[in-house]
Each structure stands twice: as C-alpha cells, then as structure tokens.
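Coordinates in review
The lines below spell out each chain.
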Amino acid sequence: MEPIRTYLAMGGYAAFVWPAYAVAALILIAFAIDSWRRVKRATAALRRLDGQDAAPIGAAGRPRRSAAPDLPDRSLPQDRSAQS
Amino acid sequence: MHRFANPGRFLRLADRLQPWLVLATVIAFAAGLYYALFHSPADYQQGETVRIMYIHVPAAWLALFAYCTIAFASACALIWRHPLADVAAEAASPLGAGFTLIALVSGSLWGRPMWGTYWVWDARLTSFLLLFFLYLGHMALAQAFDDRQRGRRAAAILALVGAINVPIIKYSVDWWNTLHQPASIMRMDGPSIDPSMLVPLLLMAVAFQLFFFTALLARMKAELLSARLRTAMFNRLRSGAAGRAG
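Residues numbered from 1 in each chain as written. Chains lettered and ligands numbered in written order. Predicted model: local features only at pLDDT ≥ 70, side-chain atom pairs only at ≥ 80, totals over all residues. Heavy atoms only, no water.

1. Here we look at the overall build of chain B
Counted only if it meets this: Numbering of helices and strands runs from the N terminus; a helix is a DSSP stretch of H or I covering at least four residues, while a strand is a stretch of E covering at least two. Categorising residues by exposure relies on relative accessible area from a 1.4 Å probe, with only protein chains included: less than 20% of the type maximum marks a residue as buried, more than 50% marks it as exposed, and the intermediate range marks it as partly exposed. Contact definition: two residues touch when any of their heavy atoms are within 4.5 Å. Methods summary: accessible areas were calculated by the Shrake-Rupley approach with a probe of 1.4 Å, and residue burial reflects only the protein chains presented. The positive count covers Lys and Arg only, the negative count covers Asp and Glu only, and His and the chain ends enter neither. For charged residues, the charge sits on one atom: NZ in Lys, CZ in Arg, CG in Asp, CD in Glu.
Tallying secondary structure elements over chain B gives seven helices and zero strands in all. In chain B, the succession of α and β elements from N to C terminus is α-α-α-α-α-α-α. Counting only C-alpha atoms and orienting by the principal axes, one finds that chain B spans roughly 80 × 35 × 30 Å. Burial statistics for chain B: of 246 residues in total, 53% are counted as buried. Counted over contacts in chain B with a minimum sequence separation of 6, partners at least 24 positions apart contribute 76%. Accessible surface for chain B amounts to roughly 11700 Å². Of this, 67% is attributable to carbon and sulfur atoms. Computing the positive centroid from 21 side-chain charges and the negative centroid from 12, chain B places the two 15 Å apart.

2. Examining the confidence of the model for chain B
Rules: As a per-residue quantity, pLDDT reports the predictor's confidence and falls between 0 and 100.
Summarising the model, chain B shows a mean pLDDT of 93, and 97% of its residues fall at 70 or more. If you check the scores for this complex, the pTM reads 0.86 and the ipTM reads 0.92.

3. Some thoughts on empty space enclosed by the protein
All names here are of chain B. Note the following rule: Buriedness for pockets is judged along seven lines, at least five of which must meet protein on both sides within 12 Å for an open set on the 1 Å grid over protein atoms alone, while cavities are sets there where a 1.4 Å probe fits but cannot get out, and lining residues have an atom within 4 Å of a point. Grid points are joined across faces, edges and corners, and a volume is the space filled by probe spheres set on the points.
A complete count under the given rule lists one cavity of 30 Å³ or more for this structure. By volume, the largest cavity is sized at about 60 Å³. Mapped onto the lining of the largest cavity, the elements with two or more residues apiece are helix H3 (85-115), helix H4 (123-142) and helix H5 (148-162).

4. Some words on the packing of aromatic side chains
Residue and element names in this part refer to chain B. For clarity, the cut-off: Aromatic pairing here means that ring centres of Phe, Tyr or Trp (its six-membered ring) are within 6.5 Å. Orientation follows from the plane angle: under 30 degrees is stacked, over 60 is edge-to-face, and everything else is tilted. Only lysine NZ and arginine CZ atoms are considered, and such an atom sits over a ring when it is within 6 Å of the ring centre and within 35 degrees of the ring normal.
Inspection of every chain in the model, using the stated rule, returns 19 aromatic pairs over all chains. Residues Phe132 and Phe133 carry aromatic rings whose centres are separated by 6.1 Å and whose planes lie at 50° to one another, so their mutual orientation is tilted. What makes Phe132 buried here is its relative accessible area of 15%. Judged by relative accessible area, which is 49%, Phe133 ranks as partly exposed. Here the aromatic residues Phe29, Phe65, Phe99, Phe208, Phe211, Phe212 and Phe213 are joined through ring pairs into a cluster of three or more. We note Lys170 situated over the ring of Tyr171; from NZ or CZ to the ring centre the distance is 5.6 Å.

5. Side note on the layout of surface pockets
Residues and elements named next belong to chain B. Threshold: Amino acids are sorted into nonpolar (Ala, Val, Leu, Ile, Met, Phe, Trp, Tyr, Cys and Pro), charged (Asp, Glu, Lys and Arg) and polar (every other residue, Gly among them).
Considering only enclosed or pocket space, the largest pocket measures out at about 1100 Å³ in volume. In this structure, the largest pocket is lined by 41 residues; those nearest its centre are His56, Val57, Arg124, His180 and Gln181. Put simply, the parts of the chain that give the lining of the largest pocket at least two residues each are helix H2 (53-80), H3, H4, helix H6 (165-175) and helix H7 (195-245). Per-element accounting of the lining of the largest pocket gives the leading share, eight residues, to H2. Grouping the amino acids of the lining of the largest pocket by side-chain chemistry returns 27 nonpolar, ten polar and four charged.

6. Section: the pattern of salt bridges
Residue and element names in this part refer to chain B. So the rule is basically this: The salt bridge definition used is simple: a Lys or Arg side-chain nitrogen within 4 Å of an Asp or Glu carboxyl oxygen.
The final tally for this structure, using the stated rule, is ten salt bridges over all chains. The residue Arg51 makes a salt bridge to Glu48 at a minimum N-O spacing of 2.7 Å. The pair formed by Arg51 and Glu48 is uniform in burial state, with each residue classed as buried. Between Glu223 and Arg148 there is a salt bridge; the shortest N-O distance is 2.9 Å. A residue pair is termed long-range when its members are at least 10 positions apart, and Glu223 in helix H7 and Arg148 in helix H5 qualify at 75 residues. Looking at Glu223, the relative accessible area reads 16%, which means it is buried. Of the residues examined, Arg148 reaches a relative accessible area of 13% and is grouped as buried. Beyond isolated ion pairs, a larger network of salt bridges with shared partners links Glu90, Arg148, Arg152, Glu223 and Arg230.

7. Comments concerning the environment of Phe31 of chain A
With respect to the element layout, Phe31 of chain A can be found in helix H2 (residues 14-51). When its relative accessible area of 15% is taken as the criterion, Phe31 of chain A is described as buried.

8. What about a nonpolar patch on the surface?
Rules: A patch is a set of surface residues, each over 30% in relative accessible area and not in a salt bridge, joined within 9 Å for like charges and within 5 Å for the nonpolar side chains Val, Leu, Ile, Met, Phe, Trp and Tyr.
Taken together, the side chains of Met1, Ile4 and Leu8 of chain A define a hydrophobic patch exposed on the protein surface, amounting to about 340 Å² of accessible area. Topologically, Leu8 of chain A is positioned in helix H1 (residues 2-9).

Rendered as structure tokens:
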C-alpha cells in the first residue's frame, strides 16, 4: 500500500496534479458523450421520419427558414460539369 | 476542398473514418497517460507538478488549433460559401472552448504551487482568457439569430476578427515580460526539453489532436443529419399542405 500512497501523494502536489487531470478528463468525457449522443439522436430521428408515412408534425423538429446545408449549393463551382 | 463540399460524400467519409479515429484516440490517450503519469521523471525544479504540463500544453495547443480551424473555415464560408465550412466552424467552437478551459484551469493549478498564485494578469494569461471569451462569443453569436445563416455569417466575421489574438497569444511571451515561460517546443533551435518528458508531451498532444478530429467529425455529422431532418420535415409540411389544398 505504501508505494501506492506515495505515488498518489505526487510529492506533496496531489492537490494540484489530480484536480488538473480530473478537470481535463471531465471536460473531454463530457464532450465525447455529448458528441456521440448528438449523432444518435439525429440518426434515430431521421430513421423515425423515414419509417412513418405521416409523421406527427411539429413533434420531431421545427422547420427552419434557412437553407439546409445538405441542399445542393448552386453557388459552388461544379468541378465535374465544368470538365465534361 | 470542394471534393468534400458534398455533404453526402462527407457523411460517407466520416462514417468510414469514425471507428478508426475512436480507436486511435483511445490508444493515444492510453499511451500518453501511461507515460505522463507513470513512465516519466519528476522535474528537478517543478517536482511532480511537471505532470500537469502533459495536459496543459496539449490543451493550449489544441485551443489555438481549434481557433485556427474556425478562422479558416469561416474564411471558406464567407469567400466561397463552402456548405460544410459553417458546419465545421460551429462544431469546432465548443470543443475549442473546452480545450481553452482545460488549459486555463490546469495552468492555474500549476501556477499556485510554482508561482505562488492561481492567476496573474500577464500578457499570455490575459490573451488566453480573451480566447476563451472569443469562443463563447462565437458560440452565442452563431445561435443569436432566428435565421441560422445570418448567425453563422456574423459568427464567421467575429472569428476572423478575433484571429488577431492567435499570434498575440503565441508571441506574448516574447513581446512582453510575462510570468509565463517562453516556448520550449516550438522553437527555431529545436525543443529544449529532455526526451523523457518530450515523449509523454507529444503522445498527449497526438491524443488531444485525435480527440478533436473525432469529436469534430461526430458533431458535424450530427448537424448535417439534423439539417437533413429539418429539410425532410419542411418538405413533408409543405406537401401535406399542398395535398389538403388540392
């Protein structure tokens, strides 16, 4: 037990070393979980929409006025068509 | 860049990369933490607090890297209207803020035993705190308008203006008398740090970098899928209305 206790004491700086690692771990793990959840939520919502013919309107999301980024963007130079 | 302008293609690429990125991130963190916490010596001056450096320095690098990513993406969004650039900037912003917070907190926890204070208003620390506020402003501005596109445009302009802070942070330790020490890795004459400490530092830097890319890709993917969902909902609403009218 003694070597473990010595190690955890961090030469008397335990109160600074471990909180620093804890804060970093907390923030990174929170981001990992949040990012993963966002993907899951969006994937599930899309699947639900695909699976239903008449979705309960307004339940899954609000339509936005702005152009969605996955619409084809006409302002982009079309590399392929320029070549052909 | 335009090859990945198609969100569908980007999503397929992200799906293929994701498992490998997650795996690489976990391995890099395992190796980095092993070296940082077990397989590296205590510093002859700093003692065991030198281990704080293995998260502080990578977090600070990534805080700057994420900001450069946002500034670059914002330029692409404003100049070429690249459809993924806004999504990338918005996804990177909270991650960058997180890295900045880690760097600030870990630095302050190192400063207390080594400098005798949690905080000083020296040029490096102050400009880094400003970076944190720039991130918060960027996130708030992107969400501040009902019209998403307008919010993103305003955020992109803020990101570009704020980019002036990046060289200020980098060179603050040379331009002003700071309590913060000058660079010891990114130097013209090579790193001035012992290999036994350079290895854990670089491993942790790789781990942080991989984490950033993995999380960025996931958040961009989630946003693109949500956008697709919004479009589908909108189309359904519209066709439903047309059906009733006809």
